[in-house]
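If you want the building blocks of each chain, they are given just below.
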Amino acid sequence: MVTIATTKLNSGNTIPVLGLGFWETPSNHAAEIAYAGLKAGYRLLDSAEAYGNEEGVAKGIAQWIAEDPKKHLREDVFYTTKIRDGFHGYDATKKALQGSLDKAKPIGYIDLVLVHSPQSDYEKRHGTWKALQEAVAEGTVKNIGVSNYGIKHLKELFAYPDLKIKPVINQLELHPWLTRTELVKFTKSEGIIVEAYSPLTRAKKFDDPDLVKLGKKYGKSPAQILIRWSLDKGFIPLPKTAHKERLASNLDVFDFKLEPEEVELLSGKNEDLKFCWDPTVYPLDNEKK
Ligand SMILES: NC(=O)C1=CN([C@@H]2O[C@H](COP(=O)(O)OP(=O)(O)OC[C@H]3O[C@@H](n4cnc5c(N)ncnc54)[C@H](OP(=O)(O)O)[C@@H]3O)[C@@H](O)[C@H]2O)C=CC1
Ligand SMILES: O=C1Nc2ccccc2C1=O
């Protein structure tokens, strides 16, 4: 079984360098996929309240721990969930967080809560961050971060008068067709680690000739080349699969590295192509018409 390395967050806690995504993993399969993922070697599981499968993911983690409590330790698993846009604001976030904590009861605490996107307004985003900071102080949540934040949203957050905790992560759509050079550089310069969502381009670019060629060179699939590119860029990729047989192959990326010029060749494909949504451009209050 592959052992996934960890890296240090600005909170002092650690996070695995690769994770398993759960968007569109059906709630009635989430527990078995989470369990199978842990058996295959995944230690970072990325869910969200909006995915409707938090309960299943937590159940799968608890099942894995119960199987061998001396070796399968809770602290070796990193469980992420997210606060959806409609629950921004202090009170709404407190309530949403309690809902997520209730669903995470079998595993005791949440490793990372992300603000799913910046799509509300200053007061609500601020209230949400305040509620998340309190959860860290209470110990129910270990780390807090953001997702889909542009540079302007990060700068707004850094200027909160009561800022105590900086985000540990900015989770963004990233792959060779969407490299977001400036945003990634700014995020990293602030000591925030970048997670890459839709790292497999949602399976839309597997027939790209350069991916196929590199795959042949290294004896790897286009999916594995994309995951390796993400790791070589210093991102934490979050490939999703709900197919058990693909879990292991998406993890089999630690026995090779792309040459710097191969990373560049793939990065050169950037065309700001999005396969998901793009809240990084969502207007601040003073930009709204
Ligand atoms: N913060 C945010 O706003 C967002 C976060 N995310 C997170 O990032 C994760 C990953 O992104 P996602 O958009 O799901 O897309 P991915 O780029 O991870 O692609 C997932 C798709 O690729 C398929 N796939 C996976 N592995 C293989 C393989 N080896 N061969 C062929 N097909 C494969 C999957 O199918 P199958 O399951 O059938 O194997 C699925 O259709 C999400 O699950 C979620 O956790 C995603 C979007 C937005
Ligand atoms: O994983 C996700 N897929 C999405 C699609 C649209 C909006 C949000 C999301 C996610 O967080």
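Conventions adopted
- Residues numbered from 1 in each chain as written.
- Chains lettered and ligands numbered in written order.
- Predicted model: local features only at pLDDT ≥ 70, side-chain atom pairs only at ≥ 80, totals over all residues.
- Heavy atoms only, no water.
- Near = heavy atom within 4 Å.
- Polar contact = N/O pair within 3.5 Å; in protein donor to acceptor, adjacent residues only side chain to side chain.
- Areas by Shrake-Rupley, 256 points an atom, 1.4 Å probe, with all protein chains shown as cover.
- Nonpolar A, V, L, I, M, F, W, Y, C, P; charged D, E, K, R; others polar.
- pLDDT = per-residue confidence, 0-100.
- UniProt positions renumbered as here; feature names shortened; annotations may be inferred.
- Helix = DSSP H or I, 4+ residues; strand = E, 2+ residues; numbered from the N terminus.
- Contact = heavy atoms within 4.5 Å.
- Buried < 20%, exposed > 50% of the residue type's maximum accessible area, 1.4 Å probe, protein only.
- Pairing = 2+ DSSP bridges.
- Right-handed = clockwise from strand over helix to strand, strands pointing away.

- If you check an unreviewed UniProt entry, the chain appears there as 2-dehydropantolactone reductase from Brettanomyces naardenensis.

## Quick look at the site of ligand 1
Point 1. Around ligand 1 there are 29 residues in total, and Asp46, Leu200, Lys240, Thr241 and Arg246 lie nearest to it.
Point 2. Within the contact set of ligand 1, an oxygen atom lies 2.5 Å away from a side-chain nitrogen or oxygen of threonine 241.
Point 3. Relative to its unbound accessible area of 900 Å², ligand 1 is 89% covered by the protein chains.
Point 4. Looking at the shell around ligand 1, its residues break down into 14 nonpolar, 10 polar and 5 charged.

## What about the confidence of the model for the chain?
Low pLDDT marks regions whose predicted coordinates should not be analysed in detail.
Point 1. Confidence in the prediction of the chain, expressed as mean pLDDT, is 98, and 100% of residues score 70 or more.
Point 2. Quick note on the complex model: pTM equals 0.99, ipTM equals 0.98.

## Observations regarding the UniProt feature "domain: NADP-dependent oxidoreductase" (unreviewed entry) in the chain
Point 1. Residues annotated in UniProt with the feature "domain: NADP-dependent oxidoreductase" (unreviewed entry) correspond here to residues 19-269.
Point 2. Between the first and last C-alpha atoms of residues 19-269 the distance is 24 Å; the span itself is 45% helix and 14% strand.

## Topic: the side chain of glutamate 195
Point 1. Position of glutamate 195 relative to the elements: it lies in strand β9 (residues 193-197).
Point 2. Not counting chain neighbours up to four residues away, the residues in contact with glutamate 195 comprise Ile15, Leu44, Asp46, Leu112, Leu114, Ile169, Asn170, Gln171, Leu172, Leu174, Ile236 and Leu238.

## Some remarks on the pairing of strand β5 (residues 78-83)
Point 1. With 6 of 6 residues buried, β5 lies mostly within the body of the structure.
Point 2. Because side chains alternate across β5, one face comprises the buried residues Phe78, Thr80 and Lys82, and the other comprises Tyr79, Thr81 and Ile83, equally buried.
Point 3. With 3 bridges joining them, strand β4 (residues 44-46) and β5 adopt parallel strand pairing. The residue of β5 that forms the bridge with leucine 44 is phenylalanine 78.
Point 4. Of the crossover connections in this fold, the one passing from β4 over helix α2 (residues 54-67) to the parallel β5 is right-handed.
Point 5. With 4 bridges joining them, β5 and strand β6 (residues 110-115) adopt parallel strand pairing. Pairing of isoleucine 83 across the sheet is with valine 115, part of β6.
Point 6. Of the crossover connections in this fold, the one passing from β5 over helix α3 (residues 90-103) to the parallel β6 is right-handed.

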